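Observations on chain architecture
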Amino acid sequence: MADLFNNKYRISSARLQSWDYGREAMYFVTICTKNREYYFGEIVETQCVASESESETQRIASLNPTEIGTIAATEWYKTVELRPDMNLELGEFVVMPNHIHGIIIIGDGGRDAMHRVSAAVDDDDRDATHRVAAVVDDDDRDAMHRVSTDNTNTEYKNQFAPQSKNLASIIRGYKSSVTTYARKNDIVFDWQPRFHDHIIRSMDDYHRISDYILNNPAKWQKDKFF
């Protein structure tokens, strides 16, 4: 993972609105439920023994999930297998009562891979390009997305086309899968329309964010989403 930070993603904040969110990079993502309702469960504390050699116990905070809270976790971890062409990896992840935090790594694939495939096809084999393009569903290919970034706190439409194989399409697919399960099982649930993202630019940034995600349940009552 360290090789991902070989000065490849050290971009200035001024570039964020023109950043191609389908390129190889690492992102810290937060998605909230609609009106920040506690759809996913509640944070509870349990006691556990600190170590086998000690009698002391410590309290561990974690989510006691609802059915849809469990699905929110399950569908997140399906992301990699559902998008093998994007070379995705997942970092730390947590489901909280009314939001999720996660790290998504878009690898050397996705849109760049599509371009390489198209360039390699000769005039006699143009149908192969069409077959590759058909893998992208219509919603991913045609939709323009608004992404709220915590760096700028503004809305924008990604100027890079096609509007697929990028961070917004990943999140849209994830949100849709959770919502679909809720609808099919008569569970009252909805997401807020947008999501927050932060481009991770260094190993220090990565470790700081990972620690924040891991410690989120323990600090729930001080969380801004509480």
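Residues numbered from 1 in each chain as written. Predicted model: local features only at pLDDT ≥ 70, side-chain atom pairs only at ≥ 80, totals over all residues. Heavy atoms only, no water.

Focus: the overall build of the protein
We count it as follows: Think of it this way: any DSSP run of H or I at least four residues long counts as a helix, any run of E at least two long counts as a strand, and we number them from the N terminus. Relative accessibility under 20% of the residue-type maximum defines a buried residue, over 50% an exposed one, and the middle range a partly exposed one, all with a 1.4 Å probe and only protein chains included. Contact definition: two residues touch when any of their heavy atoms are within 4.5 Å. Only the protein chains shown count as covering a residue, and every accessible area follows the Shrake-Rupley method with a 1.4 Å probe.
Counting secondary structure elements, the protein contains seven helices and seven strands. In the protein, the succession of helices and strands from N to C terminus is β-β-β-α-α-β-β-α-α-α-β-α-β-α. Counting all 226 residues of the protein, 43% fall into the buried class. Taking as baseline every contact in the protein between residues at least 6 positions apart, the subset at least 24 positions apart corresponds to 65%. For the protein, the accessible surface area stands at approximately 12,600 Å², while carbon and sulfur atoms represent 47% of it.

Quick word on the confidence of the model for the protein
Rule in force here: Values of pLDDT, which run from 0 to 100, indicate the predictor's confidence residue by residue.
Predicted confidence across the protein gives a mean pLDDT of 75, with 64% of residues reaching 70 or more. When mean pLDDT is taken per element in the protein, helix 1 (residues 67-77) scores highest with 98 and helix 5 (residues 138-142) scores lowest with 32.

Side note on the packing of aromatic side chains
Rule in force here: Two rings from Phe, Tyr or Trp (for Trp, the six-membered ring) form a pair when their centres sit within 6.5 Å of each other. Planes less than 30 degrees apart are called stacked, planes more than 60 degrees apart edge-to-face, and all others tilted.
Applying the stated criterion across every chain, the model contains 11 aromatic pairs. Centroid distance W76 to Y174: 5.2 Å. Interplanar angle 85 degrees. Geometry classified as edge-to-face. Of this pair, W76 sits in helix 1 while Y174 sits in helix 6 (residues 167-184), placing them 98 residues apart in sequence. You'll find W76 and Y174 in the same group, each marked buried. Among the aromatic side chains, those forming a connected cluster through ring pairs are Y39, F40, W76, Y77, F93, Y174, F189 and W191.

Notes on the side chain of H99
For clarity, the threshold we go by: We define a polar contact as two N or O atoms separated by no more than 3.5 Å, with the added condition that, inside protein, one atom must be a possible hydrogen donor and the other a possible acceptor, whereas residues neighbouring each other in sequence contribute only through side-chain atom pairs.
Take H99: it is sitting in strand 5 (residues 99-106). Among the polar contacts listed, one links the side chain of H99 to the side chain of N98, at a separation of 2.8 Å. Only 3.3 Å separates the side chain of H99 from the side chain of N216, close enough to count as a polar contact. If we ignore the near neighbours within four places in the chain, the residues touching H99 are T30, I31, C32, F40, V94, N216, W220, D223 and F225.

Section: the pattern of salt bridges
Where we set the bar: Note on definitions: salt bridges are taken to be side-chain nitrogens of Lys or Arg within 4 Å of carboxyl oxygens of Asp or Glu.
Applying the stated rule across the entire model yields three salt bridges. When the shortest N-O distance is used, the salt bridge between K78 and E75 registers 3.2 Å. We classify E75 as buried; its relative accessible area is 13%. Between K165 and D85 there is a salt bridge whose closest N-O contact spans 2.0 Å. With K165 in the loop between strand 6 (148-149) and helix 6 and D85 in the loop between helix 2 (79-82) and strand 4 (89-95), this residue pair connects regions lying 80 residues apart in the sequence.

Details of helix 6
Spelled out, the test is: Here, expected helix span is obtained from the residue count minus one, scaled by 1.5 Å.
Helix length check: helix 6 (18 residues) gives 26 Å between terminal C-alpha atoms against 26 Å at 1.5 Å per residue, within 8%. Inspection of helix 6 places L167, A168, S169, I170, I171, Y174, K175, V178, T179 and A182 among the buried residues, and these make up the whole buried set. Once helix 6 finishes, D186 follows within two positions and takes phi at roughly 55 degrees, a positive value.

What about the nonpolar core?
We apply this condition: To form a nonpolar core, buried Ala, Val, Leu, Ile, Met, Phe, Trp, Tyr and Cys residues must be joined to one another through side-chain atoms within 4.5 Å.
Core analysis: the largest hydrophobic core is formed by 45 residues, its most contacted members being Y27, L167 and Y174. At the level of elements, strand 1 (25-32), strand 3 (57-65), helix 1, strand 4, strand 5, helix 6 and helix 7 (203-215) are the ones that each hand at least two residues to this core. Contact partners of Y174, with chain neighbours within four places excluded, come to I31, A72, E75, W76, F93, I100 and W191.

Re the pairing of strand 4
In the case of a regular strand, side chains alternate between the two sheet surfaces. Keep this limit in mind: When DSSP finds two or more bridges between a pair of strands, those strands are recorded as paired.
Judged from the five bridges that link them, strand 4 and strand 5 form a sheet pairing that is antiparallel. Bridge assignment links E89 to a residue of strand 5, and that residue is I105. Taking the residues that link successive antiparallel strands as the turn, the strand 4-strand 5 hairpin has three residues.

Examining the packing of helix 1 against helix 6
Defined as follows: For helices, the fitted line uses only the C-alpha atoms of the stretch in contact; every axis is such a line through C-alpha atoms, and the angle between N-to-C directions lies from 0 to 180 degrees. By convention, the crossing between two helices is left-handed when the near helix turns anticlockwise from the far helix through less than a right angle, and right-handed when the turn is clockwise. Amino acid classes used here: Ala, Val, Leu, Ile, Met, Phe, Trp, Tyr, Cys and Pro are nonpolar; Asp, Glu, Lys and Arg are charged; the rest, including Gly, are polar.
Axis separation between helix 1 and helix 6 bottoms out at 10 Å; the angle between their running directions is 145 degrees. In this structure, helix 1 meets helix 6 at a crossing whose hand is right-handed. Along its contact with helix 1, which presents E67, I68, I71, A72, E75 and W76, the element helix 6 presents I171, Y174, S177, V178, Y181 and A182. When grouped by side-chain class, the residues that make up the contact of helix 1 with helix 6 number nine nonpolar, one polar and two charged.

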